[in-house]
Amino acid sequence: MLKRLFGGEEPRRESGSTEEFLTPRRIVEELDKYVVGQKEAKKAVAIALRNRWRRQRLPEEMRDEVVPKNIIMIGPTGVGKTEIARRLAKLVKAPFIKVEATKFTEVGYVGRDVESIIRDLVEIAVNMVKEEKMAQVEERARELAYERLAEYMVPEPKHPQQQSVQNLFDIFFPSPARQKDHDYEAELSRLKDERNRIKKLLKEGKLDDEIVEIPVTVETTPGINVVGLGGDISNLQDVLSSILPKPKKLRKMKVKEAIRYLTQEEASKLIDMDEVIREAIDRAENQGIIFIDEIDKVASREGARGPDVSREGVQRDLLPIVEGSKVSTKYGLVRTDHMLFIAAGAFHVAKPSDLLPELQGRFPIRVELKPLTKEDFVRILTEPKNALTKQYKALLETEGVELEFTPDGIEEIARIAEEANERAENIGARRLHTVMEKLLEEVSFMAPEMKGQKVVVDRDFVREKLSDIIQDEDLTKYVL
C-alpha cells in the first residue's frame, strides 16, 4: 500500500532515504508547479498527506485510532482551492471526487443524497484500479486481440457433418465421411496458416485502415420508474445493469479501432474483478479525498427561516459521513473513517461559525486563501507548467504561427485582469482566461492564414486589443 501511495519503493523502517520522496516540503514544491502562492493552504494539505503515510507505519491497533484532520479552505473564487486538492490527489494517485454542497438535499426531499458521494468515490476507485490492472496485462491482451480479429477475418468453415441433412447417409457409409474429414483437416491446416499470415500483417500495422465487422457489446441502462419513490435510485440502476445480460451487435470499424476494442475486452477477462474491488475499496477507505465545494452555501444564518431548514438538513446528513460511518454501495459496505475531507467556500455572507458546531469540529484545520494581486497574475501567466501563455503558444504553433509574450505585455495583462476584478465581480485567476481569449481572439481567428508569421504580445499590443475594455466600464460586462 505504501508503494502504491507514494509511487516509489515501499519504505523500510531501518532506512530513511526513501522517506525523503514525499516529505511535506516536496509536496509543497510539487504543488508550486501548478498553483501560485497560498503557502498556508499548501502546507496544511501537505501535512495531512504526510500524516497518512505516518499512519500506515503505525501498529495495527493504533492505526485505526488515528483519524485524518479534515481541512476547510476559506477564500474567494478562483484563488486555487479546487486546484490544490485536485493536484494533491493526482500527485499520489488517490481516488478523488469534487462535489458541490448545493447539489444535495436533506433525506426525504427529491434530489441526490449525500451518501451518493461515497458511492461515486468508490466507482472512481474501481475504475482507477481496473485501469492499472488492465495496463499490466495489456501485452497479453493484445496478443489475444490479434488472434480473435484473425478469427473474425478468416472464419472457420463448417464441419462436413454440419452442412446438410445428407449427413445421416454418411453415418452408414464411413468411407466417404473419412474422405470429407480428411478434406476438412486439410482446410483447417490452410486456415491456420492464413490466420497466422493475417496476425503478422496486423502486428505490422499493414491492415490498420481496412474495414472489419466484429460483434460489440451494447451498453444499455434499464429504465426504472418506481412510483412513490423519490431520491437517488442510480445505485439500483447500477445493480440491475450488472445483473442483466448485455446484448451484442455487429459493427463495422477500422482494424486499428477493432484491435483497441478487443484488447480492452480481453484485458477485462484477464483481470480478477474481485481483487480489483477489494483493492479499490481499500484505496477509497484509506486514500480517498473528497472535496466539498460551496460549503458556505449550506451554512444557516442565525435567525433565518425557510430554505435554511433544508440547508441544516444537508449539514446533518454530511455529519455522519465526515465523522465516520459505513455506506452501502453495490460493491459492499465502505467505511468513511479514514477518508480525507476538504471543504471550501468563499464565506462572503455566512461565516464558518454558522455551520453546525458538530460539523465545525470535524474540520479542525482552517486555512484562509488570499485574493490574487497583479504580481500573482504575472506569476500565474509565467511560472506554472500549464500557464496560459504556454498553452496559447502551443496551440498557435500547430498553425505555424509563433507567439511571443514580452515581460511588459504579461504585466499589462495582469494589470487589466486585476482592474477588471476590482470593477466587476472578483473571480480570481479565472479572469485571466477571459482576458487572454479576448486579447488573442483575432489572432486565433486569422491563424490559418498567418502561417510562418510571428506575433509579439507587448504592452502596446495588449492596450490596442483591450482599449475598449479599459476605457469603457460598461464593456466589462462582456468579460466574465
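Residues numbered from 1 in each chain as written. Predicted model: local features only at pLDDT ≥ 70, side-chain atom pairs only at ≥ 80, totals over all residues. Heavy atoms only, no water.

### A short note on the overall build of the chain
And then number 1: Helices and strands together make up the secondary structure of the chain, namely 21 helices and eleven strands.
And then number 2: Taking all 480 residues of the chain together, 42% fall into the buried category.
And then number 3: Split by element, the accessible area of the chain, about 27100 Å² in all, is 50% carbon and sulfur. (Helix = DSSP H or I, 4+ residues; strand = E, 2+ residues; numbered from the N terminus. Buried < 20%, exposed > 50% of the residue type's maximum accessible area, 1.4 Å probe, protein only. Areas by Shrake-Rupley, 256 points an atom, 1.4 Å probe, with all protein chains shown as cover.)

### Comments concerning the environment of Ile-214
And then number 1: Relative to the helices and strands, Ile-214 is located in strand 3 (residues 211-217).
And then number 2: We classify Ile-214 as buried; its relative accessible area is 0%.
And then number 3: Distance in space between the C-alpha atoms of Ile-214 and Leu-250 is 5.4 Å, their sequence separation being 36 residues.

### Observations regarding the packing of helix 2 (residues 24-32) against helix 5 (residues 81-92)
And then number 1: Closest axis-to-axis distance for the helix 2/helix 5 pair is 10 Å, and the angle between their directions is 120 degrees. Overall, the two elements helix 2 and helix 5 adopt an arrangement that is oblique. As for how helix 2 packs across helix 5, the hand of that crossing is right-handed. Here Ile-27, Glu-30 and Leu-31 of helix 2 lie close against helix 5, whose contacting residues are Ile-84, Arg-87, Leu-88 and Leu-91.
And then number 2: Broken down by class, the residue content of the contact of helix 2 with helix 5 amounts to five nonpolar, no polar and two charged. (Axes fitted to C-alpha atoms, helices over the stretch in contact; angles between N-to-C directions. Parallel < 35°, antiparallel > 145°, perpendicular 65-115°, else oblique. Left-handed = near helix turned anticlockwise from the far one by under 90°. Contact = heavy atoms within 4.5 Å. Nonpolar A, V, L, I, M, F, W, Y, C, P; charged D, E, K, R; others polar.)

### Quick word on the nonpolar core
As a rule of thumb, nonpolar side chains are buried together in soluble globular proteins.
And then number 1: One finds Met-73, Ile-413, Met-436, Leu-439, Leu-440 and Val-457 to be the most contacted residues of the largest nonpolar core, which totals 58 residues.
And then number 2: The biggest single contributor to this core is helix 3 (residues 39-56), with six residues.
And then number 3: When neighbours within four sequence positions are excluded, Leu-440 is seen to be in contact with Tyr-392, Leu-403, Phe-405, Val-457 and Phe-461.
And then number 4: Ranked by size, the runner-up nonpolar core spans 45 residues in total, among them Val-276, Ala-280, Val-327 and Ala-343. (Core = buried A, V, L, I, M, F, W, Y, C linked by side-chain atoms within 4.5 Å.)

### Some thoughts on the sheet that holds strand 2 (residues 96-100)
And then number 1: A sheet is described by the order of its strands in space; here five strands give the open sequence 2-5-8-1-9, paired in parallel fashion. Edge strands, defined here as strands with exactly one partner in the open sheet, are strand 2 and strand 9 (365-368). Averaged over all pairs of adjacent strands, the angle between their axes in this sheet comes to 20 degrees, without regard to strand direction.
And then number 2: Looking at chain direction, strand 1 (residues 71-74) and strand 9 are connected through four bridges and run parallel. Bridge pairing in strand 9 places Ile-74 opposite Glu-368.
And then number 3: The strands touched by helix 3 are strand 1, strand 5 (289-293), strand 8 (340-345) and strand 9; relative to strand 9, the strand with the most contacts, the crossing angle is about 150 degrees.
And then number 4: Along the sheet, helix 6 (residues 115-136) makes contact with strand 2 and strand 5, crossing strand 2 at roughly 150 degrees. (Pairing = 2+ DSSP bridges.)

### A short note on the packing of helix 15 (residues 374-382) against helix 17 (residues 407-423)
And then number 1: Two numbers describe how helix 15 lies on helix 17: the axes approach to 8 Å, and their chain directions differ by 130 degrees. As summarised for this structure, helix 15 and helix 17 are arranged oblique, according to the angle between their axes. Read as a crossing pair, helix 15 and helix 17 show a hand that is right-handed. Between helix 15 and helix 17, the residues in contact are Lys-374, Phe-377, Val-378, Leu-381 and Thr-382 and Ile-410, Glu-411, Ile-413, Ala-414, Arg-415, Ala-417, Glu-418 and Asn-421, respectively.
And then number 2: Split by residue class, the contact of helix 15 with helix 17 holds seven nonpolar, two polar and four charged.

### Observations concerning the confidence of the model for the chain
And then number 1: Of all residues in the chain, 78% attain a pLDDT of 70 or more, and the chain-wide mean is 78.
And then number 2: Every residue in residues 1-20 is under pLDDT 50, and counting partners more than four places away or in other chains gives 34 contacts. (pLDDT = per-residue confidence, 0-100.)

### Here's the deal with the pattern of salt bridges
Pairing of side chains with opposite charge becomes possible as their charged atoms draw close.
And then number 1: In the structure shown here, the tally under the stated rule is 36 salt bridges.
And then number 2: Between Arg-119 and Glu-115 there is a salt bridge, with the nearest N and O atoms lying 4.0 Å from each other. Pair noted here: Arg-119 and Glu-115 are both in helix 6, with a separation of four residues, about one helical turn.
And then number 3: For Arg-119, a relative accessible area of 14% corresponds to the buried category. (Salt bridge = Lys/Arg side-chain N within 4 Å of Asp/Glu carboxyl O.)

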